[in-house]
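# Observations on the three-dimensional arrangement
Here is what each chain is made of, one letter per residue.
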Amino acid sequence: DRCPAHCEVIVTDVRTLDSVWTAMHQLGASQDKGPETSQMVAQIQELWGEPKHLTGTAGYAVWSKPWMAAGTDTFIHHVMQHWGIDNPVKGPSRYPSLAEEALHGVPHSPLWLLPSEPFPFQQKHLTALQEDHPMAAFRLVDGEAFSWYGSRMLHVATHLQEVAEWVAKGSSAS
């Protein structure tokens, strides 16, 4: 409540790629950086290209205990879709807890992406999950690539393409 007395407050609600472009332009305009922002948005759009056809399915974990995943009303979901990865976790919740379900929600997908944030999944988690769920495959991914928007998007296209290829290969094998 006290911030508006000292500075301009800008609230964004980024859940889709279209909302990213809107938020970036809004932030750029607030800093008198409209042309620079337009150039950056164009660079990101060129690097990311057109949305890819869905070539595979993978769940995207966001927390370990309880096991939670990214739902469909999230920026993460829209990044996955853009890169051709279908999200099997459907429903009204943005980040549903799957802990109550059998095997902690792992049956939602034979493939799971384990990001570096918000929960910092590491090799020890990957190893434990693979031991507990030998029929599923898990991959550590850069959480920033899937959840940060703005200038960070300039540097993640290669990683996202590699992850999409892993998902496509894993989906065709299952």
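Details of the structure are given in the entry above.
Residues numbered from 1 in each chain as written. Predicted model: local features only at pLDDT ≥ 70, side-chain atom pairs only at ≥ 80, totals over all residues. Heavy atoms only, no water.

This next bit is on the pairing of strand β6 (residues 137-141). Examined bridge by bridge, strand β5 (residues 111-115) and β6 share 5 bridges and lie parallel to one another. In the sheet register, leucine 111 faces β6, and the bridge partner there is alanine 137. With helix α4 (residues 123-132) bridging β5 and the parallel β6, this β-α-β connection has right-handed handedness. (Pairing = 2+ DSSP bridges. Helix = DSSP H or I, 4+ residues; strand = E, 2+ residues; numbered from the N terminus. Right-handed = clockwise from strand over helix to strand, strands pointing away.)

Attention shifts here to the pattern of salt bridges. Counted according to the given criterion, the structure contains 5 salt bridges. For arginine 15, the salt bridge identified is with aspartate 73, shortest N-O distance 2.4 Å. Placement of arginine 15 in the segment before α1 (17-30) and of aspartate 73 in the loop between β3 (68-69) and α3 (75-82) is noted, with a sequence separation of 58 residues between them. The exposure class of arginine 15 is partly exposed, given its relative accessible area of 24%. One network of salt bridges, in which partners are shared, links Asp13, Arg15 and Asp73. (Salt bridge = Lys/Arg side-chain N within 4 Å of Asp/Glu carboxyl O. Buried < 20%, exposed > 50% of the residue type's maximum accessible area, 1.4 Å probe, protein only.)

Let us look at the side chain of asparagine 87. Relative to the elements of secondary structure, asparagine 87 occurs in the loop between β4 (85-86) and β5. Asparagine 87 sits in the buried class, given a relative accessible area of 0%. A distance of 3.0 Å separates a polar side-chain atom of asparagine 87 from the backbone oxygen of alanine 70. Apart from the residues within four sequence positions on either side, asparagine 87 is in contact with Ala58, Ala70, Gly71, Thr72, His77, Met80 and Gln81. (Polar contact = N/O pair within 3.5 Å; in protein donor to acceptor, adjacent residues only side chain to side chain. Contact = heavy atoms within 4.5 Å.)

On to α4, then. In an α-helix, one turn spans 3.6 residues, which is why side chains three or four residues apart end up on the same side. Looking only at α4, the buried set comprises His125, Leu126 and Leu129. For α4, the buried positions fall inside an angular range of 100° around the axis, keeping them on one side. Seen from the open side of α4, the exposed residues pointing more than 90 degrees away from its buried face are Lys124 and Glu131. Among the structural elements, β5 and β6 are those in contact with the buried residues of α4. (Arc of directions from axis to C-beta.)

Tracing the backbone shows threonine 12 in the segment before α1. Counting along the chain gives 158 residues from threonine 12 to glycine 170, while the straight-line C-alpha distance between them is 35 Å. The contact partners of threonine 12, leaving out residues within four places of it in the chain, are Ala23, Gln26 and Tyr149. At 2.9 Å, the side chain of threonine 12 and the side chain of tyrosine 149 are in polar contact.

Geometric descriptors of this kind do not, in isolation, establish any biological role.
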